[in-house]
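Breakdown of the fold
What follows is each chain in one-letter form.
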Amino acid sequence: MVATTNASSKPSPSAIRGSSTMFHRWAAAAAAAAALLLVINPVSSQVSKEQCDDLYAADATVSSGCNKTACELKGYCNIHSSTYLEGKCCVHAGVNVNFLAFEEAPEWGPRLAEFKKCTGANVLLTYVEGGEDNMAKALLEDVGSNDDPNSGQGIYDAYVVQGPWIPAAHLGLKNLNDLIKAFQDIIRFDDINSASRSAVTYGGSIRALPVDSDNIAAAYRHDLLNKYQKWYQDTFNEPLLPPNTIEEMVTISERISGQDHDGDGEPDWGFCLTPQTNYFQAFLAPIFTVNQKDASGSTGQNIFFDTDTFEPLIHNPGFKKAVELYWRYILASNCQTQTKEGVKCDRKSAFPTGKCFGVISMPGTMNNLLKEGGKYAPPPENRQDQYLEEGQYFGRRIVFPGSTEVLDWGAKGYPLMKCTDNTCPNARTIEGKVINFSPFFSEGGEALAINGKQSKETAVNAAWDLMTWHSTLEVNLLPLAGTYRRSQTTPEAVEALAKAWNNTVMADDLNAVLVEYFKEPSDGGNPTQDFFVVGFSDYNEALDTSLHKEFLLASTDTEYGLFNFADPNKSIKVGTPEFEERYATFIEKLQQRYDEVNSRMTGGALQQLYNWREALDMEPKKTMQEICSDLLAAGDHAAFDRLECNKEVDLGDLCQYMKEEVEAYQPGACAGPNNNAKIIAAVFGSVIGAILIGGLAYLTYRRYQSYLRIRKAHDQLMEATINESIRALHQLDYPLHLVRGDEFVSEGKLVRHEILRNTHKLTVLDSLADVDAFIAAGKHIVFFSHQWTSFTVPDPSNNQYEAMRVSLRELAKKNGWDENLNDVFVWVDYSCIPQANPSTQNLAIRSLAAYASSATYFIIVAPDTKHADLDDNCDITSYQLRMWCRAEQVCHSMRNGTEGMYLALGGGGDLVPVNTDFFQESLHVFEGQLTCCRLEHKGMSACDRQSLVVPLLGLYGELYRAAVDGVKGGDAESLSSVKAFLDEIQKHQDSVFPPTFQRVMWRKNKKVTEEVMLFGDLIERMKHRIDHGQGFSYEEDAAGTASTKSNDGSSSFIRHGASDFLRHGSTIRHGSMAKSSNVQVETAVGTLEDHIEK
């Protein structure tokens, strides 16, 4: 059963069930009444323009539903200082959008009415009866399940959703990636906090647009803190301060509990709460989440399940510590009284009494707990405001406390370790304590999604316009919204919020909390994500039942309950033998319940593990077969069995490339089929021998067929890799960002990408065709290649920047360019690659080879500089040792030659052309040093070497094709230019393009050394393809986008190389081009098993 409202009014849900028909009847009746009034009271001849417009608008509403003339004259689309709807008068006239929601909000009515008045869209809002509890089911029924593409009722076009509901229905929700990219300047998706972005992203696809952020914070009573200050100091010999750690919060709560806050002679409580799984999980987060994301993406750290085995993360000392702290907190809270009395332990009923010293809560409820006159706030008569000093306020929100101890994810069993600057990279040092903070973003908050399966295009467009318009409005105007963007934490935004609330302290406190919560991981942000997988509510129910209903708040008379209903002070305490015994039972029961939930899920625990990795957006992506193969490689046979991997992988096939690991799991699984032949022949004689021979022949045939399948799969994988290398030559995975030369030299230092982006100082080229057109228009691109001289910023001494600035001016002078540098554009990593968002940063890094090869000039910047964090000297020698530095050189030179390559060594020296000897060393890219190898790939699933195979293979193919075309076309000059590169490569092919390499990995705390394919036979395959004229081409729009096309429509092209290096009869341009069984086979397009036919 549902309830409905529409854009023109906001009556209660129960009053307007089925009101779509009612609305049209009402509109018709209103029009008839208006016509009757015109007959009875004829309009005066002196009608004002405004009256005429009103009458015209009323008449048009009856006939077409939208009056474009009135809309434009009255400015109906210029609403609330937002310009997004300008020019959209009546653009959706007559379009109906059915919108499903679960929670009423007073802002829906006016916003939908305004949207209708502007666009003409009739948005019919329907509420799910039963609210949030029934919304997940209603969403799935309407969108349909991922498993059945024909499922789903398709009644609704858009939805209000929460993160946990998305995984089960994500394939039916519209993928918003392309829309968000197209509307990025308006949507500003990166401005939304990272946790909310993660909540709506599944498997790399964005399925909803956040409008809220649900996180957990704490609050304390400032009046009571002042009241107890002297007593606390005298009694405990320390000041009473707001807690920074969970341990401090629990200790304060225990000490304050039993005091008489309100003078009624009754003992009162410490910090209050409502016992819920999300509040317990807030206790887990700072202990578990040390560094959830790094530059490569998700680290897999979470508070729920292991990302390799799907083992629940409950068998470790960190989980036990969180349970102990949480139990101590409960015993000092409102639960000691309310639970004893048989009523619900509830912060909403406890806090208004004035008996709570503090509280933990979600943001919306927290506002109502702390705001003067709030629904759950203590009134003045229940407070101790006489202890407040001038300017102080009774309710103070704070960041949820952190922990000085965290899990050691690199050690077996995940023991606890002390936080240090090294072990807790995102920690803060407060009063000598290194504290790890990790706010828990419970459920992710509300978001808006579109039906991507059944909705009409007109409804989709209208729904998107509504969502995009909402993205431009102030948060206080939006239904269901709370502060969720970083831009909403600016001083101006805080001032506006303080004015709306009439409370500066509350606004400042909220801002201080959210500034910390909304930090990007690259800036020290460390949020913990909720469990966004299919079955979210089932897992939550399992935890709630075991933790609250049967353990903490269950009677001591039950199997493993801790609460003494007769006298809560006699409840079973932490540290006692009885607690230890009952805790062990609790863990056992919780494990059983989780296993039961897994068994009910489609695909079992293995599918759930795959889903969880997708929700965490872990890279690289792993198929379920790869997950199982990795478990065998790590020797984790228990997890292999528990996930029922035997149902997913064929051990016989695995024998082909991991025989040793398969045999360790199941001895004899890879043995030959003729072990018993002699015994059988001796017993059964020649007849049975003949049968055996036939059987052996059959098995040999099957083995040969298996070999053919694997060989075919290998061939497919190699060809797919070659195709990908050719594609990569002609497409950017992330746009090329450049800084104009005059602005680069005026900055005075290397400036972070996000700062340049937000101040509109970046020039963006979306495709390689755009790059070609850009250079054809007379622009020059200078690529600065350098090494970072600290772990956190690229150039703390500014030595490299000064060398860049001087070399840029010298290059301009050498080439006779305008000294203003208006036509010179700079690429340098810190300014031109995203630093805050790991996902976009990875895309840009994948495009690094294309960036380097696209530049017209390449300058190596390597002045003598001390490394800020190491006692090392950084110079041209250390630069040349780095693999990425070599790779940038090779990517540029293989396409452009070396004539435009220079060294800038600082000290006032001139630009020095790169000599042949220097480049010959650079050509040996894979002999360079890598940080990932030094760290033995801990927490990583691949080596950076592997990411360079595709771009270098493609560039080699282009170079080799140039040579072939030079021979065929008789272009001796071009052939001579290319020959030097190819001769050097040919002499050292196995070191320039190593077939395999030894990779050291850590799996399940076990060091593993494995031989992994790098280039294999890809070079020979590429040569064969080109020698035989087979497919080295890629079709794309070579003209570039509209922004890069010349005014005269000319399609002529000026090649952007610094020399005529690849001059071989036709202009070269982007996008227009006439194993051993123990070797792991992995490429950028997949692994060998991906291509084996089942």
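Computed from a predicted model, the values in this text were never measured in an experiment. (Residues numbered from 1 in each chain as written. Predicted model: local features only at pLDDT ≥ 70, side-chain atom pairs only at ≥ 80, totals over all residues. Heavy atoms only, no water.)

1. Describing the sheet that holds strand E23 (residues 780–785)
The strands making up a sheet associate through backbone hydrogen bonding, with each pair oriented either parallel or antiparallel. The cut-off we apply is this: At least two DSSP bridges between two strands are needed for those strands to be called paired. Here a helix means four or more residues in a row that DSSP labels H or I, a strand means two or more in a row labelled E, and each is numbered from the N terminus. In this analysis, two residues are considered to be in contact whenever any of their non-hydrogen atoms come within 4.5 Å of each other. Axis definition: a line fit to C-alpha positions, over the contact stretch in the case of helices; interaxial angles, taken between N-to-C directions, run 0 to 180 degrees.
Ordered in space as E22-E21-E24-E23-E25-E28-E29, the 7 strands form an open sheet in which the pairing is mixed. Each of the sheet's edge strands pairs with one partner strand only, and the pair in question is strand E22 (763–765) and strand E29 (912–913). Sheet analysis places strand E21 (residues 736–740) next to E22, joined by 3 bridges and oriented antiparallel. Residue pairing across strands places Leu738 opposite Thr763, the latter belonging to E22. Sitting on the sheet, helix H30 (residues 768–776) touches E21, E22, E23 and strand E24 (824–827), and the angle it makes with E22 is about 125°. Set on the sheet, helix H31 (residues 799–815) makes contact with E23, E24, strand E25 (857–861) and strand E28 (901–904); between it and E25 the angle comes to about 145°.

2. Things to note about the side chain of Gln889
For clarity, the cut-off: Contacts described as polar in this section are N or O atom pairs within 3.5 Å, which, within protein, must combine one atom able to donate a hydrogen with one able to accept it, while residues neighboring in sequence count only if both atoms come from side chains.
Structurally, Gln889 can be placed in helix H36 (residues 883–896). In this structure the side chain of Gln889 is engaged in a polar contact, spanning 3.0 Å, whose partner is the side chain of Gln880.

3. Points about the sheet that holds strand E8 (residues 217–221)
With mixed pairing, 4 strands are arranged side by side in an open sheet as E9-E12-E8-E13. Strand pairing shows two members of the sheet lacking a second neighbour, strand E9 (271–272) and strand E13 (395–398), which therefore form its edges. As paired elements, E8 and strand E12 (residues 358–361) share 4 bridges and run antiparallel to each other. Note that in E12 the partner of Ala217 across the bridge is Ser361.

4. Thoughts on the packing of helix H12 (residues 246–256) against helix H13 (residues 277–288)
The criterion, for reference: Roughly parallel means an angle under 35 degrees; roughly antiparallel, over 145; roughly perpendicular, 65 to 115; everything else is oblique.
Interaxial distance between H12 and H13 falls to 11 Å at its minimum, and their mutual angle equals 140°. Accordingly, the angle class assigned to the pair H12 and H13 is oblique. Along its contact with H12, which presents Ile246, Met249 and Val250, the element H13 presents Ala282, Phe283 and Pro286.

5. Digging into the confidence of the model for the protein chain
What counts is decided by this rule: What pLDDT expresses is the predictor's confidence in each residue, scored from 0 to 100.
Model confidence for the protein chain is summarised by a mean pLDDT of 83, while 82% of its residues fall at 70 or above. Here residues 1–63 scores under 50 on pLDDT; set against residues more than four positions off or in separate chains, the count is 73 contacts. Counting interchain partners and residues more than four positions distant, the pLDDT-below-50 stretch residues 1035–1077 has 97 contacts.

6. Details of the pattern of salt bridges
Should their charged atoms come close, side chains of opposite charge can pair. What counts, and what does not: Any Lys or Arg side-chain nitrogen found within 4 Å of a carboxyl oxygen on Asp or Glu counts as a salt bridge.
Using the criterion set out here, one finds 47 salt bridges in the structure. A salt bridge links Lys621 to Asp617, with the nearest nitrogen and oxygen atoms 2.8 Å apart. Through salt bridges with shared partners, one network takes in Asp262, Asp264, Asp268 and Lys355.

7. Here's the deal with the packing of aromatic side chains
Our working definition: In summary, the pairing rule links any two rings of Phe, Tyr or Trp, Trp by its six-membered ring, whose centres are within 6.5 Å, and it sorts them by plane angle into stacked for under 30 degrees, edge-to-face for over 60 and tilted for everything else. Note on exposure labels: buried denotes an accessible area under 20% of the residue type's maximum, exposed denotes more than 50%, and partly exposed covers the range between, all computed with a 1.4 Å probe on protein chains only. A positively charged side chain is recorded as over a ring if its NZ (Lys) or CZ (Arg) lies within 6 Å of the ring centre. The angle to the ring normal must also be within 35 degrees.
Evaluated as defined, the whole model comprises 52 aromatic pairs. Ring plane angle 50° and centroid distance 5.4 Å describe the contact between Phe744 and Tyr801, whose orientation is recorded as tilted. With Phe744 in helix H28 (residues 741–747) and Tyr801 in helix H31, this residue pair connects regions lying 57 residues apart in the sequence. Since its relative accessible area comes to 3%, Phe744 is described here as buried. You can call Tyr801 buried: its relative accessible area is 0%. Geometrically, the ring pair formed by Trp788 and Tyr830 is edge-to-face, given 5.8 Å between the ring centres and 80° between the ring planes. Residue Trp788 is located in the loop between E23 and H31, and its partner Tyr830 is located in helix H32 (residues 829–832); the two are separated by 42 residues in the primary sequence. A relative accessible area of 28% places Trp788 in the partly exposed class. Here the guanidinium or amino end of Lys117 rests over the ring plane of Tyr76, the centre of that ring lying 4.4 Å away.

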